[in-house]
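Structure at a glance
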Amino acid sequence: MSIQLPKSSIPRRIFSSRSAIFAITRPRSKVIASTSTSTSTVTPLRIGSIDSSRSISTTRRRKYATEATFDPDSVERATDEVDVCIVGGGPAGLSAAIRLKQLEQERGGDELRVVVLEKGGEVGAHILSGAVIETKALDELIPDWKELGAPLNQPALSDSMRFLTEKSSFPMPHPPQMNNKGNYIVSLSRFTAWLGEQAEALGVEVYPGFAGAKVLYTEDGKGVKGVVTGDVGLDKDGQPKDSYEPGMEFHSKVTLIAEGAHGSLSKEIQTKFNLREGKDPQTYGLGIKEVWKVRDEVYEPGKVVHTLGWPLDYKTYGGSWLYHMEDNMVSLGLVVGLDYENPYLSPYKEFQRMKHHPFFANILKDGQCIAYGARALNEGGLQSIPKLNFPGGALIGCSAGFLNVPKIKGTHNAMKSGMLAAESAFESITKSASEQSEAEAESEIEQTPIDMSGYATAMENSWVYKELKEVRNLRPSFHNPLGLWGGMAYSGLDSLILRGRVPWTFRNKVEDYAATKKASQVKPINYPTPDGKLSFDILTSVSLTGTNHAENQPVHLRLPETQGSKAKHTEINVSDYAGLLGRVCPAAVYEYSDAEGSEVDAQGKKFVINSQNCIHCKTCSIKTPTQDIRWTVPEGGGGPKYSKSIV
């Protein structure tokens with residue numbers, strides 16, 4: 001339920017913290033605000049600032065808290081009417097927002113309302129990447145980015161590839177796709193924060209700490225009309241605490257989903273509108289990363305190295321990177337394809353032992369590990385990209401999956417997708433407005449959802465699709481009986497000579513979880529104990545992510561709400577897969593701990609979810625063989641807080 005206020009008293013911006021909603025007034029906007037038995041003082045604030053004003057009365061909070069059964073669907077919610085709502089404040093979402101406002105300025109207008117909802121407590125807080133970025137899309141979007149102070153300070157100056165054995169490394173031919181001339185080694189978190197500043201300067205409303213939690217559909221269910229942000233102040237049982245604040249409804253003409261890989265709303269929309277029909281399954285890799293401060297004598301600014309081989313076996317796809325950033329910092333990481341077979345494999349422990357290889361150890365010796373993170377990456381390529389548009393909106397960035405796997409780059413493609421979606425949205429909104437009479441515009445009758453098919457067509461005609469088509473067969477070529485060896489042979493031929501100009505396309509036929517073998521079919525893997533100097537235990541690493549979730553909030557990692565689901569999950573995953581989740585998760589979220597009596601779920605084990613450790617990588621919902629873990633957004637602002645200066 002929501003109640004509309006007169007337009008003359010409608011707030012321009014709504015801010016949320018764990019204890020309040022804040023407003024900045026603007027007469028024109030079309031917010032529908034929740035009612036209250038007492039009104040709050042409106043105070044102008046900067047984005048992300050904090051104040052003690054309240055828009056929901058203590059009386060209402062107590063009412064929610066004392067109700068015998070609390071139904072969140074019956075709560076009165078503040079509702080904001082906007083032109084474009086973008087879910088996700090990463091490079092794709094912010095590029096879309098910037099392009100929309102640029103188009104508005106070019107047409108001489110200033111009335112387009114563009115809102116970006118970002119679940120991180122700050123723009124950039126949840127952004128993690130290698131990262132070496134191409135500036136192709138940035139050059140198009142903001143040609144004077146250097147003059148505007150974009151934090152691209154360290155150009156890539158050298159490239160190499162090496163093949164690792166357990167004790168040695170050998171140079172490899174360098175595919176043209178891996179050429180980084182003209183690229184920059186950056187903190188992607190810092191770059192994203194800068195994009196957020198550019199968006200705000202153009203008039204985009206950026207709301208950090210607002211997680212897009214639910215899709216709003218049209219009355220007939222055939223289109224999307226916006227999203228609902230997550231409630232704040234619920235306890236672990238989903239009941240309101242004294243600090244309870246209901247989430248807001250954002251109603252929009254166009255909704256752009258830019259959550260990143262395997263987002264919860266993206267998955268729902270793809271299923272609802274059958275966007276994966278005729279497409280290959282999406283496949284993923286888990287990227288695990290650290291940033292180190294290293295000695296002067298080993299620091300080579302601008303150096304870029306990629307490796308294949310050890311510590312992974314020939315059946316497991318993956319590789320590592322080492323980038324020399326600015327200020328004596330290096331970024332190093334390991335990507336492990338989540339279609340690996342052995343449930344005993346731990347991507348985190350593979351990465352930790354990798355650092356003891358002489359190639360890495362010589363660089364990291366006497367250095368300091370200052371940051372850690374992990375994230376699932378789309379690896380399916382062109383053949384796994386879903387249909388991009390749905391009635392009332394579109395998927396952009398990694399919500400769709402534009403990563404160029406051989407390049408290990410996707411930021412430029414994600415940005416371009418956002419820009420093209422913005423152009424399509426702007427034209428559709430403008431056309432729709434010109435075709436509507438004033439009476440129709442003011443009518444409460446729901447309008448037909450805007451058609452974003454022009455965006456899909458523009459993407460197919462863009463340099464993004466051309467780039468992805470050229471490399472479409474490289475990652476799937478590793479799905480062969482020879483594994484690494486067969487994939488390297490074909491990839492070398494295709495990348496150096498064929499350049500994708502072949503009549504065939506290799507398919508991704510198996511979901512990553514389905515590739516997992518039972519524990520009885522493989523051998524356990526024994527990993528060395530971390531030494532606390534080069535390698536670390538997982539909780540020490542998690543402490544470097546800045547992860548925080550409010551205490552006593554609903555667990556956002558959920559099993560089905562059916563009787564016996566926990567016992568069924570534990571029985572299958574322990575007996576058949578040796579507790580895989582306890583190994584694949586890079587943040588020690590899941591445990592199958594020994595238990596007795598009533599504490600036992602199955603197989604003498606109790607299934608424990610340490611959701612407070614979650615760094616939002618989404619790997620659990622991708623790799624769990626039983627496919628019964630559902631990742632949902634936690635309370636807005638929760639999760640990792642990657643440092644914008646380094647990660």
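Quick note: structure is the one above.
Remember, it's a predicted structure, so these values are computed and weren't measured experimentally.

1. Overview of the overall build of the protein chain
Of the regular secondary structure elements, the protein chain holds 16 helices and 27 strands. Accessible surface for the protein chain amounts to roughly 26700 Å². Of this, 50% is attributable to carbon and sulfur atoms.

2. Comments concerning unusual backbone geometry
Proline 311 follows tryptophan 310 through a cis peptide bond whose omega is 15°. Positionally, proline 311 belongs in the loop between strand S18 (303–309) and strand S19 (318–324). Phi angles above zero are rare outside glycine, and aspartate 327 is one such case at about 60°. For aspartate 327, the location among the structural elements is in the loop between S19 and strand S20 (329–337). The partly exposed category is assigned to aspartate 327, whose relative accessible area is 47%.

3. A few points about the sheet that holds strand S10 (residues 184–185)
Within the open sheet, the three strands sit side by side as S6-S10-S7. Their pairing is antiparallel. Only two strands of the sheet have a single partner each, and these edge strands are strand S6 (132–133) and strand S7 (154–155). Here S6 pairs with S10 via two bridges, running antiparallel. Bridge pairing in S10 places valine 132 opposite isoleucine 185.

4. A closer look at helix H12 (residues 484–498)
In a regular helix each residue adds 1.5 Å, so 15 residues correspond to 21 Å; H12 covers 19 Å between its end C-alpha atoms and thus fits that length. Three or more residues of H12 are buried, namely Leu484, Gly486, Gly487, Tyr490, Ser491, Asp494 and Ser495. End-on view of H12: buried residues confined to an arc of 155°, all on one side of the axis. Facing away from the buried side of H12, by more than 90 degrees, are the exposed residues Ala489 and Ile497.

5. Brief notes about the pairing of strand S17 (residues 284–293)
Taken residue by residue, a regular strand's side chains alternate between the two faces of the sheet. Of all the ten residues making up S17, nine are buried; the element is thus mostly covered by neighbouring parts of the structure. Bridge analysis of S17 against strand S21 (residues 368–378) gives ten bridges, and the strand direction is antiparallel. Of the residues in S21, the one forming a bridge with leucine 286 is alanine 376. Sheet analysis places S17 next to S20, joined by nine bridges and oriented antiparallel. Among the inter-strand pairings, glycine 285 is bridged to a residue of S20, identified as glycine 337.

6. Let's talk about the side chain of serine 565
Within the secondary structure layout, serine 565 lies in helix H14 (residues 565–575). On the basis of relative accessibility, which here comes to 13%, the residue serine 565 falls in the buried class. When residues no more than four places from it in sequence are discounted, the contact partners of serine 565 are Leu559 and Pro560.

7. What about the packing of aromatic side chains?
Taken as a whole, this structure holds 17 aromatic pairs when the rule is applied. Geometrically, the ring pair formed by phenylalanine 70 and tyrosine 244 is edge-to-face, given 5.4 Å between the ring centres and 80° between the ring planes. A residue pair is termed long-range when its members are at least 10 positions apart, and phenylalanine 70 in the loop between helix H1 (58–66) and strand S4 (79–87) and tyrosine 244 in strand S15 (residues 240–245) qualify at 174 residues. Relative accessible area serves as the criterion here: at 10%, phenylalanine 70 is assigned to the buried category. Through successive ring pairs, a cluster of aromatic residues spans Tyr207, Phe210 and Phe250. Taking NZ or CZ as reference, lysine 272 lies 4.8 Å from the ring centre of tyrosine 217, over its face. The ring of tyrosine 340 has lysine 623 sitting right over it, with the charged end atom 4.2 Å from the ring centre.

8. Observations regarding the nonpolar core
Membership of the largest hydrophobic core comes to 79 residues, with the highest contact counts inside it found for Ile86, Leu256, Phe402 and Tyr455. Here the element with the most residues in this core is helix H8 (residues 411–435); it accounts for nine residues. Leaving out residues up to four positions away in the same chain, phenylalanine 402 has contacts with Ile385, Leu388, Gly397, Gly410, Asn413, Ser417, Tyr455, Met459, Val464, Tyr465 and Leu468.

9. Looking at a nonpolar patch on the surface
Judged by side-chain polarity, Tyr314, Leu482 and Trp485 come together as a nonpolar surface patch covering roughly 340 Å² of accessible area. Among the secondary structure elements, tryptophan 485 is positioned in helix H12. When its relative accessible area of 48% is taken as the criterion, tryptophan 485 is described as partly exposed.

10. Here we look at the packing of helix H2 (residues 91–106) against helix H4 (residues 188–201)
Running from N to C, H2 and H4 point in directions that differ by 20°, and their axes come no closer than 9 Å. Accordingly, the angle class assigned to the pair H2 and H4 is roughly parallel. Pair H2 / H4 crosses with left-handed handedness. Contacts between H2 and H4 pair Pro91, Leu94, Ser95 and Ile98 from the former with Leu188, Thr192, Leu195, Gly196, Gln198 and Ala199 from the latter.

Calculation criteria
Residues numbered from 1 in each chain as written. Predicted model: local features only at pLDDT ≥ 70, side-chain atom pairs only at ≥ 80, totals over all residues. Heavy atoms only, no water. Helix = DSSP H or I, 4+ residues; strand = E, 2+ residues; numbered from the N terminus. Areas by Shrake-Rupley, 256 points an atom, 1.4 Å probe, with all protein chains shown as cover. Buried < 20%, exposed > 50% of the residue type's maximum accessible area, 1.4 Å probe, protein only. Pairing = 2+ DSSP bridges. Expected span 1.5 Å × (residues − 1). Arc of directions from axis to C-beta. Contact = heavy atoms within 4.5 Å. Phe/Tyr/Trp six-rings, centres within 6.5 Å; stacked < 30°, edge-to-face > 60°. Lys NZ or Arg CZ within 6 Å of the ring centre and 35° of its normal. Core = buried A, V, L, I, M, F, W, Y, C linked by side-chain atoms within 4.5 Å. Patch = residues over 30% accessible without salt bridge, like charges linked within 9 Å, V, L, I, M, F, W, Y side chains within 5 Å. Salt bridge = Lys/Arg side-chain N within 4 Å of Asp/Glu carboxyl O. Axes fitted to C-alpha atoms, helices over the stretch in contact; angles between N-to-C directions. Parallel < 35°, antiparallel > 145°, perpendicular 65-115°, else oblique. Left-handed = near helix turned anticlockwise from the far one by under 90°.

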